[in-house]
Each structure stands twice: as structure tokens, then as C-alpha cells.
Amino acid sequence: WTFNQNIEIASSTPSIKLKDGNGRNVEIIGGSASTGPEIRTAYTADLRFGTNSLERMRINSSGLILVGHHTNVADSRLQVIGVDENTSSQSLLRFSNNASSSVFNFLKSRNNGAGTNTVVQNNDTVGVIRFKGADGTDYSQVADIQAAIDGTPGNNDTPGRLLFSTTADGAQYTSERLRISSTGAFGIAGANYGSSGQVL
């Protein structure tokens, strides 16, 4: 059914289409049991979400999700942007009567197809927590905590190491300062690694 030139409800694939003078603009699609509902726009414009007459989140034309701000700041897929701790923080909360906690996962596969599983290799980086600070021009590295494969992986066998890095005064990028290997040995500032618990 078409109520007017700007609103159309389709019955073949349940959907509501909001149009402007140039044609289709925004679609709300009912989908199916397998695909589920969808909201999308046909234009290279941002899709915005708001409450109380204020914008709260948008998905920009590049697919970036911006929460609390309308402009891309960090070029990462998800950005939570605010002016205080409350508006610029994220929380994972678990309420259960046991000793378990919430989990934040980094996953790495060698396959180029999203969602596919190909074994990782020795020295592959699996995840990085990176800290950056504004330098007056852009955002520069301050410190890293990195997890990497530390040996030959196999089925249910992925040996790992942790690397802790900081940026020296006058440097642009981080340098490794401390490493904990898959055996539990650790070394400081790139030194050779000895037995577990030995500081070199």
C-alpha cells in the first residue's frame, strides 16, 4: 500500500519504506525467521538514533558505530565518545552466585573469510590493548599489552605469551619492556629469557 508518495508499505517482504523526492531513503524491513528485521538507508548518509529529542548513537556511511558523538575520531568500528567517566566508559556486568566473571574476548583466525576457522601460526598477534594520548595533531601510542602465539599451535593447543610495551620520550611507537613466555619465564627489556620466575 502507498499512503502517499513518501510512505509505502510492502506486503511481499514485509517492510515500511520512507521516501524523499528522489526515491527510497529509509527502509524498515520485517525480514523472515532466518534473516530477522533490518533498518537501513539507501543513501551514503548516516543512520541516527536518539531519545528525548537528542542523538545518542549513529552508524555512519562507512559502517562505523559512534556512541555519544557524531564525528569519526579514532577510525575504529565502535567508538564510545564522551566528556567524563560516565559518558566515555564501557562496562561488562555479570550477576551470578558463583566465582565466574564477565569475559572480554579477542579472537584471531588465519582465514580471510569472516567467521571461518584456520589455525594461527607462531608469533601471530592475537589481541592488543593499546593506550593512546593526544599529541596536539592526532593520537599517539603510549603503551601496549599484547598477546601472541608462542610456539606451534594445534588442536586445543595454542601456547601464548604476553608482551608489555611503553613509548620512550621522543619516540612515536611503543617498545617491548617485559615479556612473559608460554612457559612462565619472563624477561625485561628484550633480554634473554631464563627459567620460570627468573628476572634477567
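Residues numbered from 1 in each chain as written. Predicted model: local features only at pLDDT ≥ 70, side-chain atom pairs only at ≥ 80, totals over all residues. Heavy atoms only, no water.

### Points about the sheet that holds strand 10 (residues 125–134)
Neighbouring strands of a sheet are bound in pairs by backbone hydrogen bonds; such pairs are parallel or else antiparallel.
At step 1: Strand order in the open sheet formed by five strands is 10-11-12-13-14, with antiparallel pairing between adjacent strands. Strands at the two margins of the open sheet, each flanked by one partner only, are strand 10 and strand 14 (186–188). Averaged over all pairs of adjacent strands, the angle between their axes in this sheet comes to 20 degrees, without regard to strand direction.
At step 2: Taken together, the seven bridges between strand 11 (residues 139–149) and strand 12 (residues 160–166) define a ladder with antiparallel strand orientation. Of the residues in strand 12, the one forming a bridge with Ala147 is Leu162. (Pairing = 2+ DSSP bridges. Helix = DSSP H or I, 4+ residues; strand = E, 2+ residues; numbered from the N terminus. Axes fitted to C-alpha atoms, helices over the stretch in contact; angles between N-to-C directions.)

### What to know about the environment of Gln79
At step 1: With respect to the secondary-structure elements, Gln79 resides in strand 9 (residues 78–80).
At step 2: Exposure remark for Gln79: the relative accessible area of 4% places this residue in the buried category.
At step 3: Sequence separation of Gln79 and Ile65 is 14 residues, and the distance between their C-alpha atoms is 6.2 Å.
At step 4: Residues contacting Gln79, with those up to four places away along its chain left out, are Leu64, Ile65, Leu66, Val67, Thr71, Asn72, Val73 and Ala74. (Buried < 20%, exposed > 50% of the residue type's maximum accessible area, 1.4 Å probe, protein only. Contact = heavy atoms within 4.5 Å.)

### Digging into the sheet that holds strand 8 (residues 65–67)
At step 1: As summarised here, the arrangement of the four strands in space is 6-7-8-9, forming an open sheet in which the pairing is mixed. Each end of this open sheet is capped by a strand with a single partner; those strands are strand 6 (47–51) and strand 9. This sheet shows a mean twist of 20 degrees between the axes of neighbouring strands, independent of strand direction.
At step 2: Alignment of strand 8 against strand 9, held across three bridges, turns out to be parallel. Bridge assignment links Leu66 to a residue of strand 9, and that residue is Gln79.

### A short note on the side chain of Asp144
At step 1: Mapped onto the fold, Asp144 is located in strand 11.
At step 2: Here Arg130 takes part through its side chain, which lies 2.9 Å from a polar atom of the side chain of Asp144.
At step 3: Within the structure, the side chain of Asp144 is placed 3.0 Å from the side chain of Thr174, a separation counted as a polar contact.
At step 4: Ignoring anything within four residues of it in the chain, the contact list for Asp144 reads Val128, Ile129, Arg130, Phe131, Leu163, Phe164, Ser165 and Thr174. (Polar contact = N/O pair within 3.5 Å; in protein donor to acceptor, adjacent residues only side chain to side chain.)

### Notes on the confidence of the model for the protein
At step 1: Per-residue pLDDT for the protein averages 83, and the proportion of residues at 70 or more is 76%.
At step 2: For the protein, per-element mean pLDDT is lowest for strand 1 (residues 2–4), which scores 52, and highest for strand 11, which scores 96. (pLDDT = per-residue confidence, 0-100.)

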